[in-house]
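Fold and geometry: a report
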Amino acid sequence: MEIEILEMAERRARFILRNSSPAMANALRRTLLSDIPKMAIDKVEFHLGPIMDGEKEYESMTPLFDEIIAHRLGMVPVPTDLDLFVPQDQCTCGGEGCPNCSIMYSLNKHGPCTVLSGDLMPLGNPDLKVKDEFIPLVELTDGQAVMIYATAVMGTAKKHVKWQVCNGVGYSYLPVIDIDSGRASDEAVLEAASVCPKRVYAVEDGKLVAKDPLACNLCMSCVERVGSDRGLSVRGDETNFIFKFETDGSLTARQALDKAVEILSREADEFAEGIEALAQ
(Lines give C-alpha, C1' and ligand atoms only; values in the text may rest on other atoms or scores of the structure.)
Protein backbone atom coordinates (compact mmCIF):
# COMPACT_ATOMS: atom_id res chain seq x y z
CA MET A 1 0.00 0.00 0.00
CA GLU A 2 1.37 3.39 -1.02
CA ILE A 3 0.11 6.95 -0.55
CA GLU A 4 0.65 9.65 -3.17
CA ILE A 5 -0.19 13.13 -1.90
CA LEU A 6 -2.16 15.30 -4.31
CA GLU A 7 -3.00 18.14 -1.92
CA MET A 8 -1.97 18.70 1.70
CA ALA A 9 -3.30 21.88 3.32
CA GLU A 10 -3.52 22.58 7.04
CA ARG A 11 -7.06 21.24 7.37
CA ARG A 12 -7.64 19.51 4.04
CA ALA A 13 -5.99 16.60 2.24
CA ARG A 14 -6.36 14.73 -1.03
CA PHE A 15 -4.26 11.72 -1.94
CA ILE A 16 -4.14 8.50 -3.96
CA LEU A 17 -4.07 5.18 -2.13
CA ARG A 18 -2.22 2.83 -4.49
CA ASN A 19 -1.81 -0.95 -4.63
CA SER A 20 -4.59 -1.55 -2.13
CA SER A 21 -8.10 -3.05 -2.01
CA PRO A 22 -11.64 -1.84 -1.27
CA ALA A 23 -11.45 -3.50 2.15
CA MET A 24 -8.26 -1.65 3.08
CA ALA A 25 -9.57 1.63 1.67
CA ASN A 26 -12.69 1.34 3.81
CA ALA A 27 -10.59 0.44 6.86
CA LEU A 28 -8.58 3.64 6.38
CA ARG A 29 -11.79 5.64 5.99
CA ARG A 30 -13.22 4.24 9.22
CA THR A 31 -9.95 4.86 11.05
CA LEU A 32 -9.91 8.50 9.96
CA LEU A 33 -13.49 8.91 11.14
CA SER A 34 -13.49 7.01 14.42
CA ASP A 35 -10.08 6.06 15.79
CA ILE A 36 -7.91 9.19 15.84
CA PRO A 37 -7.63 10.57 19.39
CA LYS A 38 -8.05 14.26 20.19
CA MET A 39 -8.77 16.58 23.11
CA ALA A 40 -12.31 17.86 23.65
CA ILE A 41 -14.13 19.54 26.52
CA ASP A 42 -15.81 16.84 28.58
CA LYS A 43 -16.56 18.55 31.90
CA VAL A 44 -18.03 22.02 32.47
CA GLU A 45 -18.52 23.74 35.84
CA PHE A 46 -20.81 26.79 36.03
CA HIS A 47 -20.52 29.42 38.73
CA LEU A 48 -23.81 29.91 40.58
CA GLY A 49 -24.79 33.14 42.28
CA PRO A 50 -23.90 36.78 41.64
CA ILE A 51 -20.74 37.72 39.73
CA MET A 52 -18.99 40.95 40.68
CA ASP A 53 -17.05 43.16 38.26
CA GLY A 54 -15.74 46.09 40.23
CA GLU A 55 -18.74 47.63 41.93
CA LYS A 56 -21.30 46.22 39.49
CA GLU A 57 -23.10 42.99 40.24
CA TYR A 58 -24.14 40.64 37.43
CA GLU A 59 -26.62 37.82 37.55
CA SER A 60 -25.17 34.40 36.72
CA MET A 61 -27.62 33.42 34.01
CA THR A 62 -27.94 33.10 30.24
CA PRO A 63 -30.83 32.66 27.75
CA LEU A 64 -29.75 29.02 27.26
CA PHE A 65 -29.81 26.05 29.57
CA ASP A 66 -26.40 25.16 31.03
CA GLU A 67 -26.59 21.79 29.28
CA ILE A 68 -26.84 23.49 25.87
CA ILE A 69 -23.82 25.69 26.56
CA ALA A 70 -21.88 22.65 27.78
CA HIS A 71 -22.76 20.80 24.58
CA ARG A 72 -21.57 23.75 22.47
CA LEU A 73 -18.32 23.90 24.41
CA GLY A 74 -17.80 20.19 23.82
CA MET A 75 -18.02 20.70 20.06
CA VAL A 76 -15.39 23.49 20.01
CA PRO A 77 -12.17 22.11 18.40
CA VAL A 78 -9.41 22.02 21.03
CA PRO A 79 -5.75 22.09 19.88
CA THR A 80 -4.26 18.64 20.42
CA ASP A 81 -0.63 17.61 20.88
CA LEU A 82 -0.57 13.82 20.71
CA ASP A 83 2.99 13.78 22.08
CA LEU A 84 2.02 15.88 25.10
CA PHE A 85 -1.25 14.32 26.29
CA VAL A 86 -2.42 10.78 27.07
CA PRO A 87 -5.90 9.35 27.72
CA GLN A 88 -6.98 9.64 31.35
CA ASP A 89 -7.23 5.86 31.79
CA GLN A 90 -3.55 5.58 30.81
CA CYS A 91 -2.30 8.50 32.89
CA THR A 92 -0.20 8.15 36.04
CA CYS A 93 -2.73 10.31 37.90
CA GLY A 94 -5.25 7.47 37.70
CA GLY A 95 -7.81 9.57 35.86
CA GLU A 96 -8.07 12.29 38.50
CA GLY A 97 -6.87 14.92 36.03
CA CYS A 98 -3.42 16.43 35.60
CA PRO A 99 -1.45 18.44 32.99
CA ASN A 100 -0.56 15.19 31.22
CA CYS A 101 -4.14 14.16 30.48
CA SER A 102 -6.33 17.27 30.71
CA ILE A 103 -6.54 20.95 29.77
CA MET A 104 -8.36 23.44 31.97
CA TYR A 105 -10.08 26.45 30.41
CA SER A 106 -11.75 29.42 32.08
CA LEU A 107 -14.41 31.72 30.66
CA ASN A 108 -15.62 34.90 32.35
CA LYS A 109 -17.80 37.30 30.35
CA HIS A 110 -20.30 40.04 31.18
CA GLY A 111 -23.16 41.26 29.03
CA PRO A 112 -24.16 42.75 26.78
CA CYS A 113 -22.02 40.69 24.40
CA THR A 114 -21.80 37.51 22.35
CA VAL A 115 -19.70 34.90 24.11
CA LEU A 116 -17.33 33.32 21.59
CA SER A 117 -15.06 30.29 21.63
CA GLY A 118 -12.08 32.64 21.66
CA ASP A 119 -13.13 33.76 25.14
CA LEU A 120 -11.96 30.38 26.48
CA MET A 121 -8.62 30.99 28.20
CA PRO A 122 -6.30 28.02 28.83
CA LEU A 123 -4.88 27.86 32.34
CA GLY A 124 -1.17 27.39 31.79
CA ASN A 125 0.11 26.91 28.25
CA PRO A 126 -1.11 29.79 26.00
CA ASP A 127 -0.44 27.63 22.91
CA LEU A 128 -3.55 25.62 23.84
CA LYS A 129 -5.86 28.55 23.11
CA VAL A 130 -8.69 27.62 20.75
CA LYS A 131 -7.80 28.46 17.12
CA ASP A 132 -11.36 28.99 15.86
CA GLU A 133 -12.08 32.09 17.94
CA PHE A 134 -15.40 33.16 16.43
CA ILE A 135 -17.70 30.22 17.21
CA PRO A 136 -20.73 31.76 19.01
CA LEU A 137 -21.67 30.11 22.29
CA VAL A 138 -24.35 32.29 23.87
CA GLU A 139 -25.72 35.85 23.79
CA LEU A 140 -25.69 37.86 27.03
CA THR A 141 -27.85 40.91 27.72
CA ASP A 142 -27.04 43.73 30.14
CA GLY A 143 -26.84 42.44 33.70
CA GLN A 144 -26.13 38.85 32.66
CA ALA A 145 -22.77 37.11 33.08
CA VAL A 146 -21.27 33.68 32.81
CA MET A 147 -18.30 32.18 34.64
CA ILE A 148 -17.19 28.72 33.54
CA TYR A 149 -14.36 26.27 34.15
CA ALA A 150 -14.12 23.61 31.44
CA THR A 151 -11.89 20.54 31.31
CA ALA A 152 -10.77 18.92 28.06
CA VAL A 153 -9.64 15.30 27.96
CA MET A 154 -8.58 12.89 25.22
CA GLY A 155 -10.96 10.48 23.51
CA THR A 156 -12.06 9.11 20.14
CA ALA A 157 -15.22 9.42 18.07
CA LYS A 158 -16.15 5.84 19.00
CA LYS A 159 -17.38 7.32 22.27
CA HIS A 160 -18.76 10.69 21.12
CA VAL A 161 -18.69 12.81 17.97
CA LYS A 162 -17.02 15.71 19.82
CA TRP A 163 -13.82 13.64 19.63
CA GLN A 164 -14.08 13.27 15.83
CA VAL A 165 -11.06 14.82 14.12
CA CYS A 166 -11.87 14.20 10.44
CA ASN A 167 -15.03 14.87 8.49
CA GLY A 168 -16.04 14.65 4.88
CA VAL A 169 -13.97 11.48 4.54
CA GLY A 170 -14.57 9.82 1.21
CA TYR A 171 -12.89 7.88 -1.55
CA SER A 172 -13.56 6.72 -5.09
CA TYR A 173 -11.92 4.42 -7.57
CA LEU A 174 -9.08 5.96 -9.51
CA PRO A 175 -10.49 6.50 -13.02
CA VAL A 176 -8.80 4.73 -15.93
CA ILE A 177 -9.54 6.39 -19.29
CA ASP A 178 -8.54 4.67 -22.52
CA ILE A 179 -8.78 6.53 -25.82
CA ASP A 180 -8.11 4.61 -29.02
CA SER A 181 -5.43 6.67 -30.76
CA GLY A 182 -6.74 5.56 -34.15
CA ARG A 183 -10.21 6.99 -33.40
CA ALA A 184 -9.27 9.98 -31.23
CA SER A 185 -10.07 12.38 -34.08
CA ASP A 186 -13.45 10.86 -34.94
CA GLU A 187 -16.31 13.32 -34.68
CA ALA A 188 -18.25 11.02 -32.34
CA VAL A 189 -15.29 10.65 -29.99
CA LEU A 190 -14.63 14.41 -29.93
CA GLU A 191 -18.13 14.95 -28.53
CA ALA A 192 -16.90 13.57 -25.18
CA ALA A 193 -15.17 16.90 -24.49
CA SER A 194 -18.46 18.81 -24.65
CA VAL A 195 -20.61 16.42 -22.58
CA CYS A 196 -18.19 15.80 -19.70
CA PRO A 197 -19.47 17.78 -16.65
CA LYS A 198 -16.02 17.73 -15.02
CA ARG A 199 -14.14 18.98 -18.12
CA VAL A 200 -11.85 15.96 -18.06
CA TYR A 201 -11.24 16.07 -21.82
CA ALA A 202 -9.77 18.55 -24.24
CA VAL A 203 -9.26 18.60 -27.99
CA GLU A 204 -5.63 19.08 -29.01
CA ASP A 205 -4.46 18.98 -32.63
CA GLY A 206 -7.86 17.67 -33.61
CA LYS A 207 -7.70 14.71 -31.22
CA LEU A 208 -9.41 13.94 -27.92
CA VAL A 209 -7.09 13.79 -24.90
CA ALA A 210 -7.75 13.20 -21.20
CA LYS A 211 -6.51 16.53 -19.89
CA ASP A 212 -7.48 16.05 -16.23
CA PRO A 213 -8.25 12.35 -15.60
CA LEU A 214 -8.26 12.73 -11.79
CA ALA A 215 -11.29 15.02 -12.06
CA CYS A 216 -13.36 12.19 -13.54
CA ASN A 217 -16.12 10.98 -11.20
CA LEU A 218 -17.03 7.97 -13.35
CA CYS A 219 -20.42 9.39 -14.32
CA MET A 220 -20.04 7.71 -17.75
CA SER A 221 -21.67 10.62 -19.62
CA CYS A 222 -18.88 10.51 -22.18
CA VAL A 223 -19.22 6.76 -22.79
CA GLU A 224 -23.01 7.06 -23.12
CA ARG A 225 -22.60 9.77 -25.77
CA VAL A 226 -19.72 8.21 -27.71
CA GLY A 227 -20.56 4.54 -27.22
CA SER A 228 -18.37 1.92 -25.59
CA ASP A 229 -17.42 0.38 -28.94
CA ARG A 230 -16.17 3.58 -30.61
CA GLY A 231 -12.73 3.99 -29.08
CA LEU A 232 -13.43 5.42 -25.62
CA SER A 233 -13.66 3.44 -22.38
CA VAL A 234 -13.78 4.56 -18.77
CA ARG A 235 -13.56 2.34 -15.68
CA GLY A 236 -12.62 2.48 -12.03
CA ASP A 237 -9.38 0.85 -10.87
CA GLU A 238 -10.23 -1.37 -7.89
CA THR A 239 -6.62 -1.29 -6.61
CA ASN A 240 -6.15 2.49 -6.55
CA PHE A 241 -8.36 5.05 -4.79
CA ILE A 242 -8.66 8.82 -4.58
CA PHE A 243 -9.14 9.91 -0.96
CA LYS A 244 -10.13 13.28 0.46
CA PHE A 245 -10.94 14.54 3.95
CA GLU A 246 -10.94 17.61 6.18
CA THR A 247 -10.16 18.13 9.87
CA ASP A 248 -11.81 20.32 12.50
CA GLY A 249 -8.49 22.04 13.26
CA SER A 250 -7.62 20.11 16.42
CA LEU A 251 -5.02 18.29 14.32
CA THR A 252 -3.57 19.19 10.95
CA ALA A 253 -4.46 17.03 7.95
CA ARG A 254 -0.90 15.67 7.89
CA GLN A 255 -1.04 14.71 11.58
CA ALA A 256 -4.43 13.05 11.13
CA LEU A 257 -3.28 11.00 8.15
CA ASP A 258 -0.02 9.94 9.83
CA LYS A 259 -1.90 8.91 12.97
CA ALA A 260 -4.53 6.98 11.00
CA VAL A 261 -1.85 5.02 9.12
CA GLU A 262 -0.04 4.33 12.40
CA ILE A 263 -3.23 3.04 14.06
CA LEU A 264 -4.18 0.91 11.04
CA SER A 265 -0.70 -0.60 10.85
CA ARG A 266 -0.68 -1.41 14.57
CA GLU A 267 -4.12 -3.03 14.44
CA ALA A 268 -3.08 -5.09 11.41
CA ASP A 269 0.03 -6.32 13.26
CA GLU A 270 -2.06 -7.21 16.32
CA PHE A 271 -4.54 -9.11 14.14
CA ALA A 272 -1.73 -11.01 12.43
CA GLU A 273 -0.23 -11.92 15.80
CA GLY A 274 -3.62 -13.14 16.97
CA ILE A 275 -4.03 -15.36 13.90
CA GLU A 276 -0.51 -16.72 14.38
CA ALA A 277 -1.23 -17.50 18.03
CA LEU A 278 -4.37 -19.41 17.07
CA ALA A 279 -2.46 -21.42 14.49
CA GLN A 280 0.08 -22.50 17.08
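Presented here is an overview of the structure given in this document.

Cut-offs applied
- Residues numbered from 1 in each chain as written.
- Predicted model: local features only at pLDDT ≥ 70, side-chain atom pairs only at ≥ 80, totals over all residues.
- Heavy atoms only, no water.
- Phe/Tyr/Trp six-rings, centres within 6.5 Å; stacked < 30°, edge-to-face > 60°.
- Helix = DSSP H or I, 4+ residues; strand = E, 2+ residues; numbered from the N terminus.
- Buried < 20%, exposed > 50% of the residue type's maximum accessible area, 1.4 Å probe, protein only.
- Lys NZ or Arg CZ within 6 Å of the ring centre and 35° of its normal.
- Disulfide = S-S within 2.5 Å.
- Core = buried A, V, L, I, M, F, W, Y, C linked by side-chain atoms within 4.5 Å.
- Contact = heavy atoms within 4.5 Å.
- Pairing = 2+ DSSP bridges.
- Axes fitted to C-alpha atoms, helices over the stretch in contact; angles between N-to-C directions.
- Arc of directions from axis to C-beta.
- Patch = residues over 30% accessible without salt bridge, like charges linked within 9 Å, V, L, I, M, F, W, Y side chains within 5 Å.
- Areas by Shrake-Rupley, 256 points an atom, 1.4 Å probe, with all protein chains shown as cover.
- Salt bridge = Lys/Arg side-chain N within 4 Å of Asp/Glu carboxyl O.
- Lys, Arg positive; Asp, Glu negative; His and termini not counted.
- Charge placed at Lys NZ, Arg CZ, Asp CG, Glu CD.

**Structural notes on the packing of aromatic side chains**
One pass over the structure, following the stated rule, counts 5 aromatic pairs. Ring centres 6.4 Å apart and planes at 75 degrees place the aromatic pair Phe15 and Phe245 in the edge-to-face group. Taken as a pair, Phe15 in strand β2 (residues 12–18) and Phe245 in strand β14 (residues 232–247) lie far apart in primary sequence, 230 residues in all. On the basis of an interplanar angle of 90 degrees and a centroid distance of 5.8 Å, the ring pair of Tyr171 and Phe241 is categorised as edge-to-face. With Tyr171 in strand β11 (residues 166–179) and Phe241 in strand β14, this pair connects stretches of sequence that are 70 residues apart. Take Phe241: its relative accessible area is 0%, and that puts it in the buried class. Through pairs of rings, three or more aromatic residues link up here, namely Phe15, Tyr171, Tyr173, Phe241, Phe243 and Phe245. Positioned over the ring face of Trp163 is Lys162, at 4.9 Å from the centre of the ring.

**A word on the state of the cysteines**
One pass over the full model with this rule turns up 0 disulfides. As a non-bridged cysteine, Cys91 has Cys98 as the owner of its nearest cysteine sulfur, 3.3 Å distant. Among the residues examined, Cys91 registers a relative accessible area of 9% and is labelled buried. The structure places no disulfide on Cys101, whose sulfur is separated from the nearest cysteine sulfur, that of Cys93, by 3.6 Å.

**As for the nonpolar core**
In this structure, Ile103, Tyr105 and Val115 are the most contacted members of the largest nonpolar core, which totals 23 residues. Counting only elements with at least two residues in this core, the list comes to β3 (38–46), α2 (66–74), β6 (102–110), β7 (113–116), β9 (136–140) and β10 (144–155). The greatest single-element share of this core, amounting to 5 residues, is contributed by β10. Each residue touching Ile103, except ones within four places of it in the same chain, is listed here: Met39, Val78, Pro79, Phe85, Leu128, Ala150, Thr151 and Ala152. Core analysis: the next-biggest nonpolar cluster, separate from the first, contains 19 residues, Ala25, Phe245, Leu251 and Ala256 among them.

**Quick notes on the sheet that holds β14**
Pairing is antiparallel in the open sheet, where 4 strands are placed in the order β1-β2-β14-β11. Either end of the sheet is taken by a strand with one partner, and the two such strands are β1 (2–8) and β11. Neighbour-to-neighbour, the strand axes of the sheet open up by a mean angle of 30 degrees, direction not taken into account. Direction of pairing for β2 relative to β14: antiparallel, over a ladder of 6 bridges. Bridging across to β14, Ala13 finds its partner in Phe245. Helix-sheet contacts for helix α6 (residues 253–279) involve β1, β2, β11 and β14, and the interaxial angle to β1 is about 165 degrees.

**Concerning the pairing of β6**
Relative to β10, β6 is paired through 9 bridges, and the arrangement is antiparallel. Bridging from a neighbouring strand, His110 pairs with Ala145 of β10. Sheet analysis places β6 next to strand β8 (residues 121–122), joined by 2 bridges and oriented antiparallel. Across the sheet, Tyr105 pairs through a bridge with Pro122, a residue of β8.

**Topic: α2**
Within the span of α2, buried status applies to Ile69, Leu73 and Gly74. Looking straight down α2, one finds that the buried residues subtend no more than 140 degrees of arc, so they occupy a single side. If you follow the buried residues of α2, they end up packed against β3, β9 and β10.

**Observations regarding a negative patch on the surface**
A contiguous patch of negative charge on the surface is contributed by Glu267, Asp269, Glu270, Glu273 and Glu276. In this fold, Glu276 is placed in helix α6. Exposure remark for Glu276: the relative accessible area of 49% places this residue in the partly exposed category.

**Observations concerning unusual backbone geometry**
In this model, Gly111 is joined to Pro112 through a cis peptide bond whose omega is 0 degrees. Mapped onto the fold, Pro112 is located in the loop between β6 and β7. Positive phi is not limited to glycine here, since Leu218 has a value of about 60 degrees. Tracing the backbone shows Leu218 in the loop between β13 (207–210) and α5 (221–226). Of the residues examined, Leu218 reaches a relative accessible area of 23% and is grouped as partly exposed.

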